[in-house]
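Fold and contact review
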Amino acid sequence: MSRLQDKIAIITGGARGIGKATAEVFTREGATVIIWDMLDAGEATARELREQGHQAEFRKVSVTDAPALEAAAREVVERYGRIDILINNAGITRDRSLLKMSQAEWEQVIDVNLNGVFYCTKAVVPYMVEKQYGRIICTSSVVGITGNFGQTNYSATKAAMIGMVKTWARELGKYNITANAVAPGFILTDMTDQIPEEVRNQTVAGIPVKRMGVPEDIAYAYLFLASEEASYVNGHTLSVNGGVA
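Residues numbered from 1 in each chain as written. Predicted model: local features only at pLDDT ≥ 70, side-chain atom pairs only at ≥ 80, totals over all residues. Heavy atoms only, no water.

1. Observations concerning the nonpolar core
By size, the foremost hydrophobic cluster in this structure holds 37 residues, and its most contacted members are Ile10, Trp36, Ile83, Val124, Ile136 and Trp168. Those elements that place two or more of their residues in this core are strand E1 (8-12), strand E2 (32-37), helix H3 (66-80), helix H4 (103-131), strand E5 (134-139), helix H6 (152-172) and strand E6 (177-184). Counting residues per element, this core draws most heavily on H4, which supplies 11 residues. Setting aside chain neighbours within four positions, we find Ile83 in contact with Ile8, Ile10, Ala73, Val76, Val77, Val124, Tyr127, Met128 and Tyr133. Counting residues in hydrophobic clusters, the runner-up holds 29 residues, among them Leu4, Ala31, Ile35 and Ala230. (Core = buried A, V, L, I, M, F, W, Y, C linked by side-chain atoms within 4.5 Å. Buried < 20%, exposed > 50% of the residue type's maximum accessible area, 1.4 Å probe, protein only. Helix = DSSP H or I, 4+ residues; strand = E, 2+ residues; numbered from the N terminus. Contact = heavy atoms within 4.5 Å.)

2. Description of the side chain of Thr22
Relative to the assigned elements, Thr22 resides in helix H1 (residues 17-28). Reaching out from Thr22, the side chain makes a polar contact with the backbone oxygen of Ile18 at a distance of 2.8 Å. Other than its neighbours up to four places away in sequence, Thr22 contacts Ile11, Ala219 and Tyr222. (Polar contact = N/O pair within 3.5 Å; in protein donor to acceptor, adjacent residues only side chain to side chain.)

3. With respect to the packing of aromatic side chains
Applying the stated rule across the entire model yields one aromatic pair. Positioned above the aromatic ring of Tyr133, the side-chain terminus of Lys7 is 4.2 Å from the ring centre. (Phe/Tyr/Trp six-rings, centres within 6.5 Å; stacked < 30°, edge-to-face > 60°. Lys NZ or Arg CZ within 6 Å of the ring centre and 35° of its normal.)

4. As for the pairing of E1
For E1, a buried count of five out of five residues is recorded, marking the element as mostly surrounded by other parts of the structure. With burial as the criterion, each face of E1 is covered, one bearing Ile8, Ile10 and Thr12 and the other bearing Ala9 and Ile11. Where E1 lies against E2, five bridges are found, and the strand directions are parallel. Residue pairing across strands places Ile8 opposite Thr32, the latter belonging to E2. The β-α-β motif built from E1, the intervening H1 and the parallel element E2 has right-handed crossover chirality. As defined by bridge partners, E1 adjoins strand E4 (residues 85-88) across three bridges and the pair is classed as parallel. (Pairing = 2+ DSSP bridges. Right-handed = clockwise from strand over helix to strand, strands pointing away.)

5. Comments concerning the environment of Lys7
Structurally, Lys7 can be placed in the segment before E1. In this structure the C-alpha to C-alpha distance between Lys7 and Ser227, which are 220 residues apart in sequence, comes to 9.7 Å. Excluding residues that lie within four positions of it along the chain, Lys7 makes contacts with Gly30, Ala31, Thr32, Arg82, Asp84, Ile85, Tyr133 and Glu228.

6. Regarding unusual backbone geometry
Positive phi outside glycine occurs at Asp6, with the angle close to 70 degrees. You can see Asp6 is positioned in the segment before E1. With a phi angle near 55 degrees, Gln132 is a residue other than glycine that sits in the positive phi range. Structurally, Gln132 is set in the loop between H4 and E5.

It is worth stressing that arrangement in space is one thing and function is another; only the former is reported here.
The structure is reproduced here in structure tokens:
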């Protein structure tokens with residue numbers, strides 16, 4: 001049997017990059033995937049998966065819109081009867097050094113990367129509690145652990161997720177709900193494509209495995225944490241970064 005057979009999984013930011021790779025891996029493992037994203041590419045991703053014989057759908061919704069998220073979660077439960085897995089993957093960057101960062105750049109990242117995780121989880125958890133089962137997985141980052149020049153806002157949100165999953169592990173464990181995070185290192189995505197080649201080369205030189213990661217590297221980490229094999233892993237942050245200290 002596939003590792004996620006008949007599970008119902010919501011993936012935020014599932015239109016492309018790590019989220020899309022996760023949707024592909026999860027559906028191959030038997031899950032029905034619902035992509036929550038503001039990008040219309042989410043519909044193309046869901047259609048592509050259906051054409052491959054998998055179960056997937058797309059809902060255009062912003063992780064910053066709490067009432068819309070509550071409605072979207074209710075729709076999933078009305079259709080499928082439950083929500084088993086939530087992957088809080090959506091995120092943005094607005095990089096600038098502290099002295100140059102505007103209030104708007106700070107607030108935009110906080111709203112999507114931190115408030116959005118809270119809103120999504122808040123919308124989904126009551127249904128997990130009702131069924132006495134759930135897997136919550138949040139996308140942190142290596143920079144949430146180490147910090148990074150020019151990423152005060154981004155690093156702050158990714159560090160906050162580590163505290164959030166530790167708290168949710170304590171609060172929700174009694175309902176058979178686990179909460180964990182994955183902290184990716186430097187992954188080849190549209191976001192990292194914007195980094196100058198010279199900087200990318202310097203980055204790779206500092207990675208012990210001498211390569212940047214690919215979205216599937218993170219998707220398989222999510223798969224483990226969403227599976228029954230990880231039923232006793234709770235409140236943990238799994239670093240997937242090629243060995244960066």
